[in-house]
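Structural description and commentary
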Amino acid sequence: MALFDDGYTANPHPALAELRQTGPAHRVTSPAGIPFWLVTRWDEARLVLTDPSLSKQQPMDGLPPQLRSALTTQMLLRDPPDHTRLRRLVSAGFTPRRTEALRPRIEQLTDRLLGAFAADAEVDVIDRLAVPLPFEVICELLGIPAAERGPFRAWSDTIIVGGADMSAALAQTVAYFRDLLTRKRVRPADDLLSTLAVIVDDGDRLSDDELVGMALLLVVAGHETTANLIGNTVHLLSRHPSQRSRLRDDPGLVTAVVEEVLRMASPSATSTYRVTTRPITLGDTTIPAGEQVLVSLLAANRDPGRFTDPNTFDPGRPDGGHLAFGHGIHFCLGAPLARMEAQIAVRRLFARHPDLEVTVAPSELRWRTGLLMHGLRSLPIRLEGQRS
Ligand code: HEM
């Protein structure tokens with residue numbers, strides 16, 4: 001299956017374009033033998049993301065109770081009315097103002113990471129900027145003390161990579177968050193966990209399980225995705241010299257650049273899974289009840305039915321409406337934070353190193369494998385023309 005081979009990893013777009021041309025939804029079997037439907041067109045993608053008959057709730061049988069409670073209490077895995085309640089309570093603490101308040105800290109963290117490049121002629125921008133920045137930002141947001149970030153980073157990396165060690169790392173992270181929550185209750189600080197621990201909305205509040213689930217969700221949802229966005233932006237800019245010099249002349253263009261990268265190289269390549277609770281018809285395809293459905297955001301965001309010249313990198317293009325952060329009730333809660341991080345990181349990186357060059361050919365780039373994420377595992381750059 002073209003969706004799971006090395007060619008797809010290196011360049012997913014030809015296979016997705018072929019699927020999109022053939023029809024709006026396709027029955028696919030994963031290499032592990034698990035069947036699901038992949039939705040590839042923009043119209044149908046929006047439909048699937050908003051249709052309330054598709055459920056996010058999955059049975060979690062077989063998981064240890066502690067983990068089950070941390071997963072089943074996450075808003076991303078709940079339907080209304082539970083989702084509505086969780087999203088309302090979390091949004092009361094994770095406000096635009098809290099995101100904006102992180103700006104100076106993100107600038108500082110970015111400068112620290114870029115400052116550490118100084119002695120090197122060549123660096124891997126994924127390892128040195130794209131991955132550590134979002135990680136540090138989530139730690140700042142949640143209020144994880146600096147001295148405790150080392151082991152926490154190791155667990156969260158293991159969770160993101162998946163595989164045999166994942167359950168143990170999840171259990172350690174959940175235990176850590178439980179302990180952190182206890183400490184925040186005794187000694188609250190100006191962070192999201194302390195804030196949410198005491199927020200009461202209409203007499204309703206988040207339970208300990210829900211707080212731990214929320215913390216876990218933010219780590220998983222906000223780390224690798226944002227790292228991919230930063231990496232994909234550096235990559236696309238390095239391949240488009242004219243856009244890059246426009247950005248140099250007008251740094252304010254970074255907003256449009258990041259938006260166009262979200263569309264063309266959607267960091268979260270798919271939505272998360274939904275399950276049909278009744279048959280749904282997409283074009284001439286009917287998906288029966290009880291089937292798993294995944295939306296290819298990468299494919300929908302290059303649908304020629306929606307975007308003019310979808311394969312052209314065109315920051316500021318008039319046809320907006322990309323689905324990189326999803327759509328509908330589960331629209332990404334961290335979108336403003338992710339945008340801000342990427343804009344700061346990219347602007348500052350290119351301001352310091354206006355002549356940076358990617359040192360590997362496009363065909364030699366190492367991409368993350370799998371259908372769910374679209375991002376680079378490494379992106380070596382040569383730092384020429386450094387400005388202090
Ligand atoms: C949901 C993408 C960064 C928190 C989502 C969804 C997408 C997405 C596509 C919806 C999934 C679905 O409907 O199946 C991204 C991308 C990011 C990013 C591309 C970076 C470029 C972040 C960050 C945070 C975050 C930084 C928080 C720190 C969340 C949460 C949800 C979510 C809490 C669940 C919302 C709900 O269920 O109501 N994200 N995300 N994300 N994201 Fe993000």
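Let me begin by describing the structure that accompanies this report.

About the criteria used
Residues numbered from 1 in each chain as written. Predicted model: local features only at pLDDT ≥ 70, side-chain atom pairs only at ≥ 80, totals over all residues. Heavy atoms only, no water. Salt bridge = Lys/Arg side-chain N within 4 Å of Asp/Glu carboxyl O. Helix = DSSP H or I, 4+ residues; strand = E, 2+ residues; numbered from the N terminus. Buried < 20%, exposed > 50% of the residue type's maximum accessible area, 1.4 Å probe, protein only. 1 Å grid on protein atoms, 1.4 Å probe; cavity = no way out; pocket = protein on both sides within 12 Å on 5 of 7 lines; lining within 4 Å. Points joined across faces, edges and corners; volume = space filled by probe spheres on them. Nonpolar A, V, L, I, M, F, W, Y, C, P; charged D, E, K, R; others polar. Contact = heavy atoms within 4.5 Å.

**Focus: the pattern of salt bridges**
It is possible for side chains of opposite charge to pair when their charged atoms get near one another. Scanning the model with the defined rule gives 28 salt bridges in all. Across the pair D190 and R98 runs a salt bridge whose closest N-O atoms are separated by 3.8 Å. Linking D190 in the loop between helix 11 (166-186) and helix 12 (192-198) with R98 in helix 6 (residues 96-101), this pair joins segments that are 92 residues apart in sequence. Here E107 and R348 are joined by a salt bridge, their closest N and O atoms 3.9 Å apart. Here the residue E107 occupies a position in helix 7 (residues 103-115), and R348 occupies one in helix 18 (residues 335-352), the gap between them amounting to 241 residues. You can call R348 partly exposed: its relative accessible area is 26%. A network of salt bridges, in which partner residues are shared, links R85, R88, D201, D204 and E210.

**Examining the layout of surface pockets**
Estimated volume of the second largest pocket: approximately 360 Å³. What lines the second largest pocket is a set of 20 residues, among which N11, H13, H235, R302 and W367 lie closest to the centre. Contributing elements (two or more residues each) for the lining of the second largest pocket: helix 2 (13-22) and helix 14 (224-239). Considering each element in turn, the lining of the second largest pocket owes the most residues, four residues, to helix 14. The residue inventory of the lining of the second largest pocket, partitioned by class, reads ten nonpolar, eight polar and two charged.

**What to know about the environment of G375**
Residue position: G375 is located in the loop between strand 10 (366-367) and strand 11 (376-378). A relative accessible area of 0% means that G375 is categorised as buried. Considering only alpha carbons, one finds G375 and S268, 107 residues apart in sequence, at a separation of 8.4 Å. If near-sequence neighbours (up to four positions away) are discounted, G375 is found in contact with N228, N232, W367 and R368.

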